[in-house]
Amino acid sequence: MIVVLCIMAVLMALSLAVLLSASVVMGNAQKAATREQCRLTAITFSEALEEKLTEDYDDPTFKVENEGIRTYLREAISSKQWLYYNEAEAGHNSKKAVTRSFTVENLPSDSAYGDIAVDMYWESDGTVAIDDEELRYSNSILVVVVTCSYKGQTQKVKSQYALKCQYEESVDKNEGETAPVSWKWQRMWRE
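This one's a predicted model, so the numbers in the text were calculated from it and none came from an experiment.

Thoughts on the nonpolar core
Soluble globular proteins tend to pack their nonpolar side chains together in the buried interior. If you look at the biggest cluster of nonpolar residues, it comprises 24 residues, and the most contacted ones within it are Leu73, Ile77, Trp82, Met120, Leu142, Val144 and Trp185. The set of elements that each furnish at least two residues to this core consists of α1 (2–54), α2 (68–78), β2 (115–123), β3 (141–150), β4 (153–169) and β5 (178–190). Here this core takes 5 residues from β3, the largest share from any one element. Counting 6 residues, the second-largest nonpolar core is a separate cluster that includes Val98, Tyr121, Val143 and Val145.

Here is the structure:
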């Protein structure tokens with residue numbers, strides 16, 4: 001009888017060990033699935049944002065009212081109210097001070113997308129004087145960081161876009177001034 005009780009105790013201990021192992025494996029699998037969902041959401045949103053940034057101006061179906069983010073960027077950068085980031089230049093070396101942050105709203109509250117935030121800043125290498133109208137934006141790079149947080153997991157996707165401007169002489173009162181006719185963002189890389 002004592003032998004039977006000992007065997008039952010050993011079997012019960014083994015069953016509890018297997019149950020504990022299974023719960024640990026399930027917990028790790030759930031964390032990995034949540035982390036992967038965050039990564040996919042961040043990549044997908046980053047790609048959607050890239051599509052809005054890089055839409056072709058020459059496309060006959062493109063309408064000016066679709067510009068949204070590009071109009072915002074163009075006005076904010078060209079008005080000189082949004083300072084550029086340059087690590088080596090005094091007054092421009094605080095990334096936190098020049099970053100614009102946005103959160104994505106209007107997602108369902110029970111959404112599997114999690115919380116999405118976008119941080120943007122633009123860089124200039126400082127080799128061209130910011131007052132040189134024609135070349136002001138020739139070395140500009142837009143950095144976009146999309147962050148997705150869901151169930152304690154956070155994933156970030158960072159992308160860089162080079163600004164390509166086309167210029168032509170303005171027909172304004174100020175003869176000789178140039179202004180960018182078109183701004184085209186071109187993705188350089190994404191991590």
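Okay, back to it.
Points about the side chain of Gln160
Positionally, Gln160 belongs in strand β4. A polar contact is formed between the side chain of Gln160 and the side chain of Trp189, at a distance of 2.8 Å. Those residues in contact with Gln160 that lie beyond four places of it in its chain are Glu123, Ile141, Leu142, Val143, Gln186, Arg187, Met188 and Trp189.

Some points on the pattern of salt bridges
Applying the stated criterion to the full structure yields 3 salt bridges. When the shortest N-O distance is used, the salt bridge between Glu50 and Arg187 registers 2.9 Å. Placement of Glu50 in helix α1 and of Arg187 in strand β5 is noted, with a sequence separation of 137 residues between them. When its relative accessible area of 38% is taken as the criterion, Arg187 is described as partly exposed. Put simply, Glu50 and Arg190 hold a salt bridge, and the shortest N to O gap is 2.2 Å. Of this pair, Glu50 sits in helix α1 while Arg190 sits in strand β5, placing them 140 residues apart in sequence.

Quick word on the confidence of the model for the protein chain
Per-residue pLDDT for the protein chain has a mean of 79; in total, 74% of the residues score no lower than 70. Per-element confidence in the protein chain ranges from a low mean pLDDT of 72 for β5 to a high of 92 for β3.

What to know about the packing of aromatic side chains
Here the distance between the centres and the angle between the planes together describe a pair of aromatic rings. Under the counting rule described, the total for this entry stands at 4 aromatic pairs. Between Tyr72 and Trp82, the ring centres sit 6.5 Å apart and the planes meet at 45 degrees, which makes this aromatic pair tilted. Of this pair, Tyr72 sits in helix α2 while Trp82 sits in the loop between α2 and α3 (95–98), and the two are 10 residues apart along the sequence. Three or more aromatic residues link up through ring pairs in this structure, and these residues are Tyr72, Trp82 and Phe102.

Rules and cut-offs
- Residues numbered from 1 in each chain as written.
- Predicted model: local features only at pLDDT ≥ 70, side-chain atom pairs only at ≥ 80, totals over all residues.
- Heavy atoms only, no water.
- Core = buried A, V, L, I, M, F, W, Y, C linked by side-chain atoms within 4.5 Å.
- Buried < 20%, exposed > 50% of the residue type's maximum accessible area, 1.4 Å probe, protein only.
- Helix = DSSP H or I, 4+ residues; strand = E, 2+ residues; numbered from the N terminus.
- Polar contact = N/O pair within 3.5 Å; in protein donor to acceptor, adjacent residues only side chain to side chain.
- Contact = heavy atoms within 4.5 Å.
- Salt bridge = Lys/Arg side-chain N within 4 Å of Asp/Glu carboxyl O.
- pLDDT = per-residue confidence, 0-100.
- Phe/Tyr/Trp six-rings, centres within 6.5 Å; stacked < 30°, edge-to-face > 60°.

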